Amino acid sequence: YAAGTEFLHVTAVIAAVDGESAVRASASGPAAGAAGLGAGVAADLLRQGAARWLALSAEHLSNGDDA
């Protein structure tokens, strides 16, 4: 990358609620391409099967009304 270019590294982990299994993905590149890096990491997580944990975790999320 060109000198002076801001560089970004994105790492994401999605894990099962019980912590027994997880998927991980990361990407690096110019900060100007942050949206693309994030989309690429998300796509990688989904290819690894993250959707099943996302669906399960959505069941446990609060809408904020349980205070």
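Residues numbered from 1 in each chain as written. Predicted model: local features only at pLDDT ≥ 70, side-chain atom pairs only at ≥ 80, totals over all residues. Heavy atoms only, no water.

In this structure, Ile14, Ala16, Val23, Ala25, Ala27, Leu37, Val41, Leu45, Ala50 and Trp53 together form the largest nonpolar core, which totals 10 residues. Those elements that provide at least two residues to this core are strand E2 (22-30) and helix H1 (34-47). Residues in contact with Ile14, not counting those within four places in the same chain, are Ala22, Val23, Leu45, Ala50, Trp53 and Leu54. (Core = buried A, V, L, I, M, F, W, Y, C linked by side-chain atoms within 4.5 Å. Buried < 20%, exposed > 50% of the residue type's maximum accessible area, 1.4 Å probe, protein only. Helix = DSSP H or I, 4+ residues; strand = E, 2+ residues; numbered from the N terminus. Contact = heavy atoms within 4.5 Å.)

Moving on to H1. Look at H1: 20 Å from first C-alpha to last across 14 residues, which is about the 20 Å you get at 1.5 Å a residue. Three or more residues of H1 are buried, namely Leu37, Val41 and Leu45. Each buried residue of H1 sits inside an arc of 70° when the element is viewed along its axis, so together they form one side. Across H1 from its buried face, at more than 90 degrees, point the exposed residues Ala35 and Arg47. In this fold, the buried residues of H1 make contact with strand E1 (7-15) and E2. (Expected span 1.5 Å × (residues − 1). Arc of directions from axis to C-beta.)

Alignment of E1 against E2, held across nine bridges, turns out to be antiparallel. Among the inter-strand pairings, Ala12 is bridged to a residue of E2, identified as Ala25. Two successive antiparallel strands, E1 and E2, enclose a turn made up of six residues, where Gly19 displays a positive phi of approximately 75°. (Pairing = 2+ DSSP bridges.)

By themselves these figures say nothing about function.
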